[in-house]
Amino acid sequence: MALGAKGPRVAIIHYWLVGMRGGERVLERLLRLYPGADIFTHVVRPDRLSDTIRAHRIQTTFIAKLPGAQRFYQHYLPLMPMALEALDLRGYDLVISSEAGPAKGVIAPPDAFHLCYCHSPMRYLWDHFHDYHARAGWLTKRVMPSMFHRLRQWDAISAQRPDRVLANSAFIARRIRKSWGRDAAVVHPPIDVARFGLSDTVDGPYLWVGQMTPYKRADLVVDAFARLGLPLLMVGTGEMAADVARRATPNVTIVPRLDFAALTRAYAQCRALIFPAEEDFGMIPVEANASGRPVIAYAGGGARETVIDGETGLFFDEQSVESLIDAVERCEAWLSDFSPAAALANARRFAPEVFDAGIRAAVAQGLGLETDLRDVSTPIRRIG
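It should be emphasised that the depicted structure is a prediction, and the values quoted were computed from it without experimental measurement.

Draft legend 1. Representation of empty space enclosed by the protein. Within this structure, the stated rule accounts for one cavity of 30 Å³ or more. A volume near 40 Å³ is recorded for the largest cavity. Classifying every residue of the lining of the largest cavity by side-chain character gives six nonpolar, one polar and two charged.

Dropping the structure here:
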């Protein structure tokens, strides 16, 4: 592939830009790697984005022009395949799709290298379908089976379009293999661990941080601590917030959000972070370790790659109140043996520079330069 003197012309496809969460932090890092990149997305809310993202040219698909798209963009999911395929990417040498909603289905130029960085195949189409179906309204429940059947077909077919797929965790690589029939190398997402640090005093409560949606299992945590009676700080809001608040006992404090300075203090001073969800990767446990604190995590999903059992945290095997209570009680006995230095060392495996090296290696291979992705990937310590 012949490239210009300034390097490849880059297009980054991101599913939607309506807030700053894990996927958008990955996008920020990609933009630092490719500062001249253009962004393509279905819907954008500039007021909710970082300066880094807003500084780039952002082009939306026709989804953005549909009624109420900025709020109800997910209702237009059946039209997103057509919207992606209508994007004109002529002239780009490198196309990077950031996939969690529909993004990889773009039609890249024949001579371009298309790299898909997958946060997860669309959960509502695949292994989480029945969870979403159970919570849907009556009309949506009626149309979901046939509509999603067709969307799954498109999703699997369009997954063959990228030249290479990277997964954000081994857990997601397995999901990609089952859903798309493709192999994916693992490049963990970047976490700015240098922004976190130790506290001179560790006298805070246990800590839970996240969005109060069903799969995050805030309900499990509030019920467990109602029985334990130990102090707990919960930071977050969402559809389950009112229910969680009703179930909270006096030892549980709930706040909708903390600014970054307050959040870093909460991490660094907490007794331990509680992480009960099965996440695709999960940045929060790494942030807690980067603050020198241990994690009590459900032994599923990405946590099995970020938490080292008995060293940087403890696992519990079932998403049940009893299993979590047992883990907290084990933690109380184990904390005197916990080493903040081990937690810090573990967190550094996920520093942004490691992500950069993985992306650069994959792109170099795609552009015809000899390199070995395995040489720059951080080894995963296998648990159990």
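Once you've had a look at it, read on.
Draft legend 2. Seen up close, the sheet that holds strand β7 (residues 185-186). With parallel pairing, seven strands are arranged side by side in an open sheet as β3-β2-β1-β4-β5-β6-β7. Edge positions in the open sheet fall to β3 (58-60) and β7, since each of these has one partner strand only. Here two bridges tie strand β6 (residues 164-167) to β7, and the two strands are oriented parallel to one another. Bridge assignment links A167 to a residue of β7, and that residue is V186.

Draft legend 3. Representation of the pattern of salt bridges within the structure. In this structure the tally under the stated criterion is 20 salt bridges. D88 is paired through a salt bridge with R90; the nearest N and O atoms lie 2.7 Å apart. Classification of D88 as partly exposed rests on a relative accessible area of 39%. On the basis of relative accessible area, R90 is assigned to the exposed category, the value being 66%.

Draft legend 4. Expanded view of the pairing of strand β5 (residues 113-118). Along β5, six of the six residues are buried, which leaves the element largely enclosed by surrounding structure. Of the two faces of β5, the one carrying F113, L115 and Y117 and the one carrying H114, C116 and C118 are both buried. Looking at chain direction, strand β4 (residues 94-99) and β5 are connected through six bridges and run parallel. The partner of L94 across the bridge, within β5, is F113. With four bridges joining them, β5 and β6 adopt parallel strand pairing. Each bridged residue has a counterpart across the sheet, and for L115 the counterpart in β6 is R164.

Draft legend 5. Structural view of helix α1 (residues 22-33). End to end, α1 covers 17 Å across 12 residues, agreeing with the expected 16 Å (1.5 Å per residue, within 8%). Those residues of α1 that fall on the buried side of the exposure criterion are G23, E24, V26, L27, E28, L30, L31 and L33. Buried residues along α1 sit against β1 (10-14), β2 (38-41), α2 (51-54), β4, β5 and α15 (352-366).

Draft legend 6. Highlighting a nonpolar patch on the surface. Taken together, F62, L79 and M82 make up a surface patch of nonpolar side chains, about 260 Å² in accessible area. Locating F62 in the fold gives a position in the loop between β3 and α3 (69-72).

Draft legend 7. Inspection of the side chain of K104 at higher detail. Summarising the element assignment, K104 is placed in the loop between β4 and β5. With a relative accessible area of 0%, K104 lands in the buried category. For K104, the side chain forms a polar contact with the side chain of D155, separated by 2.5 Å. Side-chain polar atoms of K104 contact the side chain of S158, separated by 3.3 Å. Beyond its immediate stretch of four places on either side in the chain, K104 contacts S97, E99, H114, C116, W154, D155, S158, A159, R161, P162 and W180.

Draft legend 8. Structural view of unusual backbone geometry. Phi is positive for R217, which is not a glycine, with a value near 60°. Structurally, R217 is set in the loop between β8 (206-209) and α8 (218-228).

Draft legend 9. The arrangement of the side chain of R175 in detail. Along the chain, the position of R175 falls in helix α7 (residues 170-180). Within the structure, the side chain of R175 is placed 2.7 Å from the side chain of S120, a separation counted as a polar contact.

Draft legend 10. Structural detail: the pairing of strand β12 (residues 295-298). Residue alternation in β12 divides its side chains into two sets, V295 and A297 and I296 and Y298, and both sets are buried. One crossover worth recording links strand β11 (residues 273-275) to the parallel β12 by way of helix α11 (residues 284-290), and it is right-handed. Pairing of β12 with strand β13 (residues 313-316), which is carried by four bridges, proceeds in the parallel orientation. Note that in β13 the partner of I296 across the bridge is L314.

Definitions and limits used
Residues numbered from 1 in each chain as written. Predicted model: local features only at pLDDT ≥ 70, side-chain atom pairs only at ≥ 80, totals over all residues. Heavy atoms only, no water. 1 Å grid on protein atoms, 1.4 Å probe; cavity = no way out; pocket = protein on both sides within 12 Å on 5 of 7 lines; lining within 4 Å. Points joined across faces, edges and corners; volume = space filled by probe spheres on them. Nonpolar A, V, L, I, M, F, W, Y, C, P; charged D, E, K, R; others polar. Pairing = 2+ DSSP bridges. Helix = DSSP H or I, 4+ residues; strand = E, 2+ residues; numbered from the N terminus. Salt bridge = Lys/Arg side-chain N within 4 Å of Asp/Glu carboxyl O. Buried < 20%, exposed > 50% of the residue type's maximum accessible area, 1.4 Å probe, protein only. Expected span 1.5 Å × (residues − 1). Contact = heavy atoms within 4.5 Å. Patch = residues over 30% accessible without salt bridge, like charges linked within 9 Å, V, L, I, M, F, W, Y side chains within 5 Å. Areas by Shrake-Rupley, 256 points an atom, 1.4 Å probe, with all protein chains shown as cover. Polar contact = N/O pair within 3.5 Å; in protein donor to acceptor, adjacent residues only side chain to side chain. Right-handed = clockwise from strand over helix to strand, strands pointing away.

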